[in-house]
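# Secondary and tertiary structure notes
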Amino acid sequence: MLTVAEGVETVSQLDFLERLGGDFAQGYLFAKPLPPADFERLLLCARPFQVARPSAEIATD
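For clarity, every value in this text was computed on a predicted model and none was experimentally measured. (Residues numbered from 1 in each chain as written. Predicted model: local features only at pLDDT ≥ 70, side-chain atom pairs only at ≥ 80, totals over all residues. Heavy atoms only, no water.)

## Side note on a nonpolar patch on the surface
The following threshold applies: Residues form patches when they are more than 30% accessible in relative terms and have no salt bridge. Like charges link within 9 Å. Nonpolar side chains (Val, Leu, Ile, Met, Phe, Trp, Tyr) link within 5 Å. Under the convention used here, a 1.4 Å probe and the Shrake-Rupley method define accessible areas, while residue burial counts only the protein chains that appear. Just to be clear on terms, a salt bridge is a Lys or Arg side-chain nitrogen sitting within 4 Å of an Asp or Glu carboxyl oxygen. Secondary structure counts use DSSP, requiring at least four H or I residues in a row for a helix and at least two E residues in a row for a strand, with both numbered from the N terminus. A simple rule labels every residue: compare its accessible area, found with a 1.4 Å probe on the protein chains alone, to the largest value its type can have, and call it buried under 20%, exposed over 50%, or partly exposed in between.
A cluster of nonpolar residues, Leu34, Phe39, Leu42 and Leu43, forms a patch on the protein surface that exposes about 380 Å² of accessible area. With respect to the helices and strands, Leu42 occurs in helix 2 (residues 36-45). Relative accessible area serves as the criterion here: at 44%, Leu42 is assigned to the partly exposed category.

Structure representation (structure tokens):
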């Protein structure tokens, strides 16, 4: 079974989840919610990628 942590907002929360062995995370740390039209544009131009930890610059926005 895989787990998804929702509402991850800080790098320390992400670190905690990694120590617990969580599989995936989502939340403001990675991206703010988008209006439907913007989300559709994002999906249309997206390419397969590997998710990396956000940089400290992104995390402090």
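Additional details are given in the paragraphs that follow.
## Regarding the environment of Gly7
Counted only if it meets this: In this analysis, two residues are considered to be in contact whenever any of their non-hydrogen atoms come within 4.5 Å of each other.
For Gly7, the position within the fold is in the loop between strand 1 (4-5) and helix 1 (11-20). The class for Gly7 is partly exposed, based on a relative accessible area of 44%. Distance in space between the C-alpha atoms of Gly7 and Tyr28 is 6.8 Å, their sequence separation being 21 residues. With sequence-adjacent residues up to four places away left out, Gly7 is seen in contact with Gln13, Gln26 and Gly27.

## A few points about the environment of Asp23
Where we set the bar: The term polar contact refers here to a pair of N or O atoms within 3.5 Å; inside protein, the definition further demands a hydrogen-donor-capable atom paired with an acceptor-capable atom, and it admits residues adjacent in sequence only when both atoms are side-chain atoms.
Positionally, Asp23 belongs in the loop between helix 1 and strand 2 (24-25). Given a relative accessible area of 37%, Asp23 falls into the partly exposed group. Taking the C-alpha atoms as reference points, Asp23 and Ala5, 18 residues apart in sequence, are found 8.1 Å from one another. Once you skip the residues sitting within four places of it in the chain, Asp23 turns out to touch Met1, Leu2 and Thr3. Separated by 2.8 Å, the side chain of Asp23 and the backbone nitrogen of Thr3 make a polar contact.

## So, the confidence of the model for the chain
Operational definition: Each residue carries a pLDDT score, the predictor's confidence in it, ranging from 0 to 100.
Confidence in the prediction for the chain averages 82 pLDDT; 75% of positions are at 70 or higher. Across the chain, element-level confidence peaks in helix 1 with a mean pLDDT of 94 and bottoms out in helix 3 (residues 56-59) with 53.

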